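Residue-level listing of the chains:
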Amino acid sequence: MEDNSKVTLSKSILDMKFMKRTKERVLKEVDDAEGKAMYSNEITDEMKKAGNIVFVDTSLSNCKDLIDGRLSFGGMNPEVEKLMANDYAKRVEQIEKKKEKDVTDEEMAKGYSTVVNTISKKFQNKKNRKGFVKPSEEDQY
Amino acid sequence: MSTKIGDFAIPGDLFTEIKSHKGVTIVGPGLRRNEERPNSLFITQPGKLCFKAPNVYWIEGRRKRYIPKKGDLVVGIVTKKAGDTLRVDIGSAEFASLSLLAFEGATKKQKPDAQVGDLVYAKLLNAHKEMEPELVCIDSYSKAGRLGLLSNEGFLINLSPLQANRLLDVDNNPLLRTLGRKLVFEIAVGVNGKVWINAKKTKDVFTIIKSLELAEKHSDKDIMHSCRKIK
């Protein structure tokens, strides 16, 4: 059927019950051809090669998650501080929490490693603790 | 040759390995869509090419001149009043325009009292290279929030845009909140580098200005270290 696509079927044949699917296809082809003809003079070559990515502009604040620069501290401007409580205060709280945890982890690791060192020293005998061990006489021969 | 993420790029360089999320890529300052080659970006400012998952790209440089970008929160100086619009100096190549009707609750009859020389904290509504930047003092729900005129009592200083951005990066720079623990003040940091400071005591204002200027020459790590000492 694809080969003789130029052959058009008459309307009465397409109306027959078993030609239902073919009729849909033929109608779609006609529609597409019409659409192409309609917009062909509006679609320029530039549009065809413009690519498929949509670029959206944004400010640096969104890129780096910067905060709103209007801040008030110590009750200088209660209005601003009320608005700050919604975002700024929460964010700072989060950071402080993270930092606190980070420090304890670090200290924990440091403390743990010193404990390991002291205990391992305990199990070393005097001979091993020496930096240089004199080779025994048997090794020399 | 395409630039890679984290590389130092100079204007004219191309960037082609673009990741997009649902066909959309978000582009920050320093990058422009390349019309000649599909799916590539032109670099327009010197600096480091940065990426944030899943689809955000921008350039981070040490430029002194502010280039407006849509959505930026800036501090500006009213330089001229012409009918219903104000000319505002935001440190960019061209003055921005701010309509007197773009304030919360403003009507044709009742407009805010803005004089030449006043300071505003405003948001950039659009910033195309062919047009003058346009400011607003309301959000999309026509609420002012934190935007609007700043009081006459404060001081204005100019920092580099980079330093202003560093101050606003709360994750890495605890300077402002450390100062806030010690002093009583309010501040408006514009992304354009203009910073307005107001405090109860003038001495405090000078302390803050000095510390902001000093912090410019120190790394985030150093600042964090010295801030930790102040309890």
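Scroll up for the structure.
Residues numbered from 1 in each chain as written. Chains lettered and ligands numbered in written order. Predicted model: local features only at pLDDT ≥ 70, side-chain atom pairs only at ≥ 80, totals over all residues. Heavy atoms only, no water.

### What about the overall build of chain A?
A tally of helices and strands in chain A yields 7 helices and 2 strands. Reading the helices (α) and strands (β) of chain A from amino to carboxyl end gives α-α-α-β-α-β-α-α-α. Within chain A, buried positions represent 18% of all 141 residues. Taking as baseline every contact in chain A between residues at least 6 positions apart, the subset at least 24 positions apart corresponds to 13%. Of the accessible surface of chain A, which amounts to about 12400 Å², a share of 54% is contributed by carbon and sulfur atoms. (Helix = DSSP H or I, 4+ residues; strand = E, 2+ residues; numbered from the N terminus. Buried < 20%, exposed > 50% of the residue type's maximum accessible area, 1.4 Å probe, protein only. Contact = heavy atoms within 4.5 Å. Areas by Shrake-Rupley, 256 points an atom, 1.4 Å probe, with all protein chains shown as cover.)

### What about the pairing of strand β10 (residues 96-99) of chain B?
Two faces belong to every sheet, and in a regular strand the side chains alternate between them. Residues and elements named next belong to chain B. Relative to β10, strand β9 (residues 85-89) is paired through 4 bridges, and the arrangement is antiparallel. Across the sheet, the residue bridging to T85 is S99, located in β10. Hairpin connection between β9 and β10: a loop of 6 residues separates the two successive antiparallel strands, and G91 in this loop has a positive phi of roughly 85 degrees. (Pairing = 2+ DSSP bridges.)

### Some points on the interface of chain B and chain A
Across the contact, 50 residues belong to chain B and 38 residues belong to chain A. Both sides of the chain B and chain A interface together cover about 4100 Å² of buried area, and 58% of this is carbon and sulfur. Applying the counting rule to chain B against chain A returns 7 salt bridges. The residue K69 of chain B makes a salt bridge to D57 of chain A at a minimum N-O spacing of 3.6 Å. Taken together, the connections running from chain B to chain A amount to 21 residue pairs in polar contact (both at pLDDT 80 or more). Listing elements by their share of the side of chain B that touches chain A, those giving two or more residues are β3 (24-27), β7 (56-60), α1 (161-168), α2 (175-182), β15 (185-189), β16 (194-199) and α4 (220-229) of chain B. Across the side of chain B that touches chain A, the residue classes break down as 25 nonpolar, 11 polar and 14 charged. Inspection of the sheet shows strand β1 (residues 54-57) of chain A paired to β3 of chain B by 4 bridges, in the parallel sense. Looking at the pairing, V56 of chain A lines up with I26 of chain B of β3 of chain B. (Buried area = accessible area lost by both parts, 1.4 Å probe. Salt bridge = Lys/Arg side-chain N within 4 Å of Asp/Glu carboxyl O. Polar contact = N/O pair within 3.5 Å; in protein donor to acceptor, adjacent residues only side chain to side chain. Nonpolar A, V, L, I, M, F, W, Y, C, P; charged D, E, K, R; others polar.)

### Notes on helix α3 (residues 202-215) of chain B
Residues and elements named next belong to chain B. The end-to-end C-alpha separation of α3 is 20 Å, in line with the 20 Å expected for 14 residues at 1.5 Å each. The complete set of buried residues in α3 reads D204, V205, I208, I209, S211, L212 and A215. End-on, the buried residues of α3 take up no more than an arc of 165 degrees, which puts them together on one face. In this structure, α3 carries K203 and K210 as exposed residues pointing more than 90 degrees from its buried face. Close packing links the buried residues of α3 with β14 (155-158), α1, α2, β15, β16 and α4. (Expected span 1.5 Å × (residues − 1). Arc of directions from axis to C-beta.)

### A few points about the nonpolar core
Ranked by internal contacts, the top residues of the largest apolar core, which has 32 residues, are I187, I197 and L212 of chain B. The contact partners of I187 of chain B, leaving out residues within four places of it in the chain, are G69, R70 and L71 of chain A together with L176, V195, W196, I197 and L212 of chain B. In terms of nonpolar packing, the next biggest core, distinct from the first, is built from 25 residues, Y66, V75, V78 and L135 of chain B among them. (Core = buried A, V, L, I, M, F, W, Y, C linked by side-chain atoms within 4.5 Å.)

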